[in-house]
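Structural description and commentary
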Amino acid sequence: FPLPPQPTFPALQANVGFALLALVGTLLIVPKVGPAFIEKGIRGRDLLKPGGRTSGPWIPECLGLPCASLYLLLMMLFIPFPFSHIFQVAGNNGVGREKFPIRELTFYLTSLLSLFTATMLGFIDDLFDIRWRHKLPIPLIAAVPTLLVYYATGGWTWVVLPESVGKLLCSLGLPGWTGAPVVNLHVFYYVYLVLLPTFTTNSINILAGINGVEVIQPLIIAMSVTLNDLFFLPIWPEWLLALLGVENPASGRMLPWAVGQVVTRHLMSLYFMIPLIGVCAGFLWHNWYPARAFPGDTLCYFTGMAFSAVAIQGHFSKTMLLFFLPQIFNFLLSSPQLFRLVPCPRHRLPHFNEATGLLEPSKAVFERAPPLLGRIILEAFQILGLTRLERAPPPADSKSGEKTPSDSWPQDGDLISATNLTLLNVLLVRLGPMREPTLCLLVGAGQVAGSAVAFAIRYGVGSLVYGG
Ligand code: UD1
Ligand code: MG
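The following paragraphs examine the structure supplied in this document. (Residues numbered from 1 in each chain as written. Chains lettered and ligands numbered in written order. Predicted model: local features only at pLDDT ≥ 70, side-chain atom pairs only at ≥ 80, totals over all residues. Heavy atoms only, no water.)

Some details on the overall build of the protein
Regarding its fold elements, the protein presents 18 helices and nine strands. Looking at the protein as shown, the accessible area adds up to about 22,300 Å², and 68% of this sits on carbon and sulfur atoms. (Helix = DSSP H or I, 4+ residues; strand = E, 2+ residues; numbered from the N terminus. Areas by Shrake-Rupley, 256 points an atom, 1.4 Å probe, with all protein chains shown as cover.)

Right, dumping it as structure tokens:
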């Protein structure tokens, strides 16, 4: 029993309508619920404003919660739209119901489940500041339903290698090597997929601390994913297709790589991304300098999980990682502090100079010598211009000939502080002090530039390398 073609555009138009509701809803709800959050003690002081640490006004924290709630409610209301063509066929007698695309519905529902888990984790973290060792396993567990759906819908575990690597492996004559430039990673691919939500959720949360920065990142990533999804829809003008050498463009108006299941997967991703843009844009309005609301970990975890859910289910996790280039850089840079090779203060956000009103790099001040590996990494980072180190001056009594005891610390020349290892501090070390909104715009510009590089890799070099 044939089903009519899927009504791509009505559902997409409805989705854009839901995104507008998300935008307007966020703009209206955030200032309304803010005072209730302050009253309940869910609040924080803006550390980068005059008197911020002690006497500044309270700002409501964790306003990612109403944003995530609104988004989830709208996404629930949207569920019937992508399947509306089935209802037309099913009519009164239920004919065609057995052809219901359960696969897409499952995709949709498990993504919502992951988003709920992430929102709950973020909210708990905002309330109780839970420890890393407790919060790291939760996104791993939240990924299980998504991975099962991934397995059930094909479970692709192959990685496509560049042709040159394939040839090299072939020439080595490895046993069992067929010569095709693909390798099956089997269970390791699932390990990578399990780690993806942990990375996407936490990496946004640790590139934080100045007004606007926690929400400008997901806003630009969601826009980049949306553009990438549009590359898979039949909407492209004939002249562009002719330019790309697509044969018979009138029939599909598709770009060359948009074939089969890939189109449906990107359509599903689009349904999640467009309303996310609405929520992030609405919240950015309130979080922009000077912030009237803080997103809290809730917004970071919820947006991060949205990205990994669509990337895993849409089979484009490698492309998604390319949109996280600034976060990957910030994570690698932060890892010596995250893994305690270098001391890590509770807050690594930049330092506010009250006299100039500008932000400067903040420092991790050492109370004892960091481990040797930490010191080597710091010296290397200093050579690369990623941190500024401070050394102990010669002891005041060195002229008098008296020697300081050899076991005391710090000795002359020992490292006593380093600027905190974050992208924000690196920008301040390299470019000098600047205003808070300027730094946020710079991070946004870096995110846009990262996406441009991502598109160049994916559709330039990577079109030879990537499978999907
Ligand atoms: C992460 C960072 C931490 C950074 C913090 C800032 C790591 C490992 N953790 O911690 O270094 O200091 O985010 O969000 O990198 N705040 C501002 N201005 C802002 C945003 C936040 O002053 O624009 C302050 C407020 O006091 C707010 C607090 O940061 O209450 C929120 O911090 P929280 O999100 O709980 O910190 P973490 O995510 O644990
Ligand atoms: Mg946070």
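Considering helix α2 (residues 64–78)
With 15 residues, α2 extends 21 Å from end C-alpha to end C-alpha; this agrees with the ideal 21 Å at 1.5 Å per step. Among all positions in α2, only Gly 64, Pro 66, Cys 67, Ala 68, Leu 70, Tyr 71, Leu 72, Leu 74, Met 75 and Phe 78 are buried. (Expected span 1.5 Å × (residues − 1). Buried < 20%, exposed > 50% of the residue type's maximum accessible area, 1.4 Å probe, protein only.)

Quick notes on the packing of helix α9 (residues 213–230) against helix α13 (residues 296–313)
Between α9 and α13, the shortest axis-to-axis distance is 10 Å and the interhelical angle comes to 15°. Between α9 and α13, the crossing angle belongs to the class labelled roughly parallel. As for how α9 packs across α13, the hand of that crossing is left-handed. For the pair α9 and α13, the contacting residues are Glu 214, Val 215, Pro 218, Ile 221 and Ala 222 in the first and Leu 299, Cys 300, Thr 303 and Phe 307 in the second. Here the contact of α9 with α13 is built from residues that sort into seven nonpolar, one polar and one charged. (Axes fitted to C-alpha atoms, helices over the stretch in contact; angles between N-to-C directions. Parallel < 35°, antiparallel > 145°, perpendicular 65-115°, else oblique. Left-handed = near helix turned anticlockwise from the far one by under 90°. Contact = heavy atoms within 4.5 Å. Nonpolar A, V, L, I, M, F, W, Y, C, P; charged D, E, K, R; others polar.)

Quick notes on the pairing of strand β9 (residues 415–419)
Walk down a regular strand and you will see the side chains alternate between the two sheet faces. Along β9, five of the five residues are buried, which leaves the element largely enclosed by surrounding structure. Note that strand β7 (residues 363–365) and β9 share three bridges and pair antiparallel. Among the inter-strand pairings, Val 365 is bridged to a residue of β9, identified as Ser 417. Two strands pair when backbone bridges link them, and strand β8 (residues 389–391) and β9 are joined in this way by three bridges, in the antiparallel orientation. For Leu 389, the partnering residue across the bridge sits in β9 and is Ala 418. (Pairing = 2+ DSSP bridges.)

Quick word on the coordination of the magnesium ion (ligand 2)
Distances from the magnesium ion (ligand 2) to its protein donors, namely Asn 205 (OD1) and Asp 297 (OD), fall within the range 2.0 to 2.1 Å. With Asn 205 in helix α8 (residues 187–205) and Asp 297 in helix α13, this residue pair connects regions lying 92 residues apart in the sequence. Asn 205 sits in the buried class, given a relative accessible area of 14%. (Donors = N, O, S within 2.8 Å, 3.2 Å for Na, K, Ca; no water.)

Concerning the nonpolar core
Core analysis: the largest hydrophobic core is formed by 103 residues, its most contacted members being Phe 272, Met 273, Leu 276, Phe 307 and Met 320. A per-element tally of this core places helix α12 (residues 261–287) first, with 14 residues. Leaving out residues up to four positions away in the same chain, Met 273 has contacts with Ala 222, Val 225, Thr 226, Asp 229, Ala 306, Phe 307 and Val 310. Counting residues in each nonpolar core, the second largest holds twelve residues, with Val 342, Phe 366, Leu 386 and Leu 421 among its members. (Core = buried A, V, L, I, M, F, W, Y, C linked by side-chain atoms within 4.5 Å.)

Here's the deal with the pattern of salt bridges
Counted by the stated rule, this structure contains six salt bridges. Between Lys 135 and Asp 125 there is a salt bridge, with its nearest N and O atoms 2.9 Å apart. A residue pair is termed long-range when its members are at least 10 positions apart, and Lys 135 in helix α5 (residues 132–135) and Asp 125 in helix α4 (residues 102–128) qualify at ten residues. A single burial state applies to Lys 135 and to Asp 125, both of which are buried. Between Arg 391 and Glu 379 there is a salt bridge, with the nearest N and O atoms lying 3.0 Å from each other. You can see Arg 391 sitting in strand β8 and its partner Glu 379 sitting in helix α16 (residues 372–383), a full twelve residues away along the chain. (Salt bridge = Lys/Arg side-chain N within 4 Å of Asp/Glu carboxyl O.)

So, the sheet that holds β7
Backbone-to-backbone hydrogen bonds pair the strands of a sheet. The strands run either parallel or antiparallel. Judged by pairing direction, the sheet is antiparallel, and its three strands sit side by side in the order β7-β9-β8 without closing on themselves. Strand pairing shows two members of the sheet lacking a second neighbour, β7 and β8, which therefore form its edges. Averaged over neighbouring strand pairs, the angle between their axes works out to 20° when direction is ignored. On top of the sheet, α16 reaches β8 and β9; it is set at about 120° to β8, its chief contact.

Examining the site of ligand 1
Taken together, 19 residues are adjacent to ligand 1, and Arg 45, Leu 47, Glu 61, His 347 and Arg 348 come closest. Asn 211 has a polar side-chain atom sitting 2.9 Å from an oxygen atom of ligand 1. When isolated, ligand 1 has an accessible area of 720 Å², and the protein chains bury 91% of it. Grouping the constituent residues of the shell around ligand 1 by class yields seven nonpolar, five polar and seven charged. (Near = heavy atom within 4 Å. Polar contact = N/O pair within 3.5 Å; in protein donor to acceptor, adjacent residues only side chain to side chain.)

Comments concerning the packing of α2 against α13
Close contact between α2 and α13 brings their axes to 7 Å; oriented N to C, the two are set at 35°. Only Thr 298, Leu 299 and Phe 302 of α13 make contact with α2, whose side of the interface consists of Gly 64, Leu 65, Cys 67, Ala 68 and Tyr 71. Tallied by class, residues from the contact of α2 with α13 come to six nonpolar, two polar and no charged.

Observations regarding the environment of Phe 18
Mapped onto the elements, Phe 18 comes out in helix α1 (residues 8–39). Given a relative accessible area of 12%, Phe 18 falls into the buried group. Note: C-alpha distance between Phe 18 and Ser 84 (66 residues apart in sequence) is 16 Å. Excluding residues that lie within four positions of it along the chain, Phe 18 makes contacts with Leu 74, Leu 77, Phe 78 and Phe 81.

A closer look at the packing of aromatic side chains
In total, this model carries 20 aromatic pairs according to the counting rule given. Look at Phe 78 and Phe 81: their rings are 5.7 Å apart centre to centre, the planes differ by 5°, and that puts the pair in the stacked class. For Phe 78, a relative accessible area of 0% gives the class buried. When the ring centre of Trp 58 is taken as origin, the NZ or CZ atom of Arg 43, which lies over that ring, is 4.1 Å away. The lysine or arginine in question, Arg 45, covers the ring of Trp 58, its NZ or CZ lying 4.0 Å from the ring centre. (Phe/Tyr/Trp six-rings, centres within 6.5 Å; stacked < 30°, edge-to-face > 60°. Lys NZ or Arg CZ within 6 Å of the ring centre and 35° of its normal.)

Focus on the side chain of Glu 214
One can find Glu 214 in helix α9. When neighbours within four sequence positions are excluded, Glu 214 is seen to be in contact with Ile 204, Leu 207, Ala 208, Gly 209, Pro 295, Leu 299 and Cys 300.

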